[in-house]
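Notes for the structure review
One-letter residues, chain by chain:
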Amino acid sequence: LWFALLTKLLFAKGYVASETDRCVMRRESGGLIFCILIYVDDLLVFASQTETERIRQFLTEAFTTITMSISNSISYLGMQLLWKDRCFIVDMDFYVRQTLTD
């Protein structure tokens, strides 16, 4: 139910689902590609500031209350993601070390 509601909204806003993973949404605009990764009720957004604000607005209109963090470095599903020098660095050191010590 939740996934259907969320994807219907994203489709209406111009996003299309990946053919290989329906939890990966993509929108192209002005030569830029924006991505939203869906994991249950968490969304990981890769977008410009303008697109991020657009997403925040339509999600807030649809769901009233949302929690959103904007950063160049974020921890997500055991990964540390860092946006640096126009590319993403994905680091799982912490998760791997913790898994090995448990």
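Residues numbered from 1 in each chain as written. Predicted model: local features only at pLDDT ≥ 70, side-chain atom pairs only at ≥ 80, totals over all residues. Heavy atoms only, no water.

A few points about the pattern of salt bridges
Using the criterion set out here, one finds five salt bridges in the structure. We note a salt bridge from Glu 51 to Arg 27, for which the minimum N-O separation is 2.8 Å. Of this pair, Glu 51 sits in helix α2 (residues 49-63) while Arg 27 sits in strand β2 (residues 24-29); the two residues are 24 residues apart in sequence, bridging distant segments of the chain. Both residues of the pair, Glu 51 and Arg 27, belong to the buried class. A salt bridge links Arg 56 to Glu 53; the nearest nitrogen and oxygen atoms lie 2.5 Å apart. With Arg 56 and Glu 53 both in helix α2 and three residues apart, the pair spans about one turn of that helix. (Salt bridge = Lys/Arg side-chain N within 4 Å of Asp/Glu carboxyl O. Helix = DSSP H or I, 4+ residues; strand = E, 2+ residues; numbered from the N terminus. Buried < 20%, exposed > 50% of the residue type's maximum accessible area, 1.4 Å probe, protein only.)

Geometric values such as these leave the question of function open.
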